[in-house]
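# A closer look at the structure
Here's the letter readout for the chains.
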Amino acid sequence: MIKVIRQEIFTKDAKTYLVKVIFDGENYIASGYVNNILINETKQPLEEFNSPLEADSPEIDNLIVLIKDDIIDSAY
């Protein structure tokens, strides 16, 4: 079962971006979208953590920051 852990919306250069972290049962997947088009994705396997992550955990924060930084540094 896929579960949305957290999502954030932000604007850069008049474009609106969505960053979403989901859990697919095995991996935490952070994805960045513009106009509903996937532009970047990264994942971390559950086995790298001692227990399931909460939405406000530092690890989820890090996944969000990785995607946001890539969006800010790139010309999407």
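For the structure itself, consult the block above.
Below or above, wherever it landed, is the structure these notes cover. Fair warning: this is a prediction, and the values are worked out from it, not measured in the lab. (Residues numbered from 1 in each chain as written. Predicted model: local features only at pLDDT ≥ 70, side-chain atom pairs only at ≥ 80, totals over all residues. Heavy atoms only, no water.)

## Re the nonpolar core
Our working rule: Only buried residues count toward a nonpolar core. Its members are Ala, Val, Leu, Ile, Met, Phe, Trp, Tyr and Cys residues joined through side-chain atoms within 4.5 Å. For every residue, the accessible area (1.4 Å probe, protein chains only) is compared with the maximum for its type, and the residue is labelled buried under 20%, exposed over 50%, or partly exposed between those bounds. Working definition: helices are DSSP H or I runs of at least four residues, strands are E runs of at least two. Numbering for both runs from the N terminus. Pairs of residues are marked as contacts when any of their non-hydrogen atoms sit within 4.5 Å.
Counting 17 residues, the largest nonpolar core has Val 21, Tyr 28, Ile 60 and Ile 71 as its most contacted members. Secondary structure elements with two or more residues in this core: β1 (3-12), β2 (15-23), β3 (27-34) and α1 (58-73). In terms of residues, this core owes the most to one element, α1, which gives five residues. Leave out the neighbours within four places in its chain, and Tyr 28 touches Ile 5, Ile 22, Phe 23, Thr 42, Lys 43, Gln 44, Leu 46, Phe 49, Pro 52, Leu 53, Ile 60 and Leu 63.

## Description of α1
Operational definition: Here the expected span of a helix is defined as 1.5 Å times the quantity of residues minus one. The directions considered for the arc run from the helix axis to the C-beta atoms.
Along its 16 residues, α1 runs 22 Å from first to last C-alpha, staying within 8% of the 22 Å computed at 1.5 Å per residue. Burial in α1 covers these residues: Ile 60, Leu 63, Ile 64, Ile 67 and Ile 71. Buried residues in α1, looked at end-on, bunch into an arc of 95°, giving them a common side. Residues Pro 58 and Asp 73 are exposed on α1 and point more than 90 degrees away from its buried face. For α1, the secondary structure elements touched by its buried residues are β1, β2, β3 and β4 (37-45).

## Observations regarding the sheet that holds β2
Strands in a sheet are paired, the pairing made by backbone hydrogen bonds, and the direction either parallel or antiparallel. For clarity, the threshold we go by: Two strands pair if DSSP finds at least two bridges between them. Convention adopted: a line fitted to C-alpha atoms gives each axis, helices being fitted over their contacting stretch, and angles between N-to-C directions are expressed from 0 to 180 degrees.
Taking strand neighbours across the sheet as the criterion, the four strands line up as β1-β2-β3-β4 in an open arrangement whose pairing is antiparallel. Here the strands that pair on one side only, and so sit at the sheet edges, are β1 and β4. Between one strand axis and the next, the sheet turns through 15° on average, direction left out of account. The sheet contact formed by β2 and β3 spans seven bridges and is antiparallel. What sits directly across from Lys 20, in β3, is Ser 31. Where α1 meets the sheet, its contacts fall on β1, β2, β3 and β4, and the angle it forms with β1 comes to roughly 30°.

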